Amino acid sequence: MEDNLGKLGIDAWWLDASEPDIQSNLNPEELKLRIGPTAVGPGGEVFNSYPLMHAQGVYEGFRGSHPDERAFILTRSAFAGLQRYAAATWSGDVASRWSDLHDQISAGVNFSLSGLPNWSFDIGGFALESRYQKPNAKDRQEWLELNTRWF
């Protein structure tokens, strides 16, 4: 990272899929069974601990090469202590649906209550519903309203 980007002045890093995302379409319970064991315990007990180590490595590597510069990390997964590594988390690839917007509100509140201060989401959703791709007048009006409320 330093040889190809850091020396060019890049100081912000997007660590996408740092869960690691071994199989996107598994439910959380099945994923927890498959993601371990880890060095600190079973995947079901320390689920999402990998992003902490990943962010720590990127942060410390960057700061080692650039001790007087700020670093910023955007990651889609988090674990307790992530704030130590100049990281913000976004909720990941949610769909452009009212139910997903609803879920983002409680997710953001709960995430922030966990002590991690920097959280965000994909405004309007990441995965666009097919009815919004070439919308009729009614669907277009709903799409505009959904995005307005998401902002």
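On a predicted model such as this, the values are computed, not experimentally measured, just so you know.

Reading the values: rules and limits
- Residues numbered from 1 in each chain as written.
- Predicted model: local features only at pLDDT ≥ 70, side-chain atom pairs only at ≥ 80, totals over all residues.
- Heavy atoms only, no water.
- Salt bridge = Lys/Arg side-chain N within 4 Å of Asp/Glu carboxyl O.
- Buried < 20%, exposed > 50% of the residue type's maximum accessible area, 1.4 Å probe, protein only.
- Pairing = 2+ DSSP bridges.
- Helix = DSSP H or I, 4+ residues; strand = E, 2+ residues; numbered from the N terminus.
- Contact = heavy atoms within 4.5 Å.
- Axes fitted to C-alpha atoms, helices over the stretch in contact; angles between N-to-C directions.

**A closer look at the pattern of salt bridges**
Summed over all chains, the structure comprises nine salt bridges. Its salt-bridge partner being Arg131, residue Asp139 comes within 3.2 Å of it at the nearest N-O pair. Exposure remark for Asp139: the relative accessible area of 12% places this residue in the buried category. Take Arg131: its relative accessible area is 32%, and that puts it in the partly exposed class. In this structure, a network of salt bridges that share partners links the residues Arg97, Asp100, Glu129, Arg131, Asp139 and Glu142.

**Examining the sheet that holds strand S2 (residues 72–75)**
Across the sheet, which stays open at both edges, the four strands sit in the order S1-S2-S3-S4 with parallel pairing between neighbours. Each of the sheet's edge strands pairs with one partner strand only, and the pair in question is strand S1 (12–15) and strand S4 (119–120). Bridging between strand S3 (residues 87–90) and S4 involves two bridges; their strand directions are parallel. By the bridge assignment, Trp90 is partnered in S4 with Ser120. Each of S1 and S2 is contacted by helix H2 (residues 50–65), which is oriented at about 160 degrees to S1, the strand it contacts most.

**Examining the side chain of His66**
Its location among the elements puts His66 in the loop between H2 and S2. On the basis of relative accessibility, which here comes to 10%, the residue His66 falls in the buried class. Not counting chain neighbours up to four residues away, the residues in contact with His66 comprise Glu2 and Gly6.

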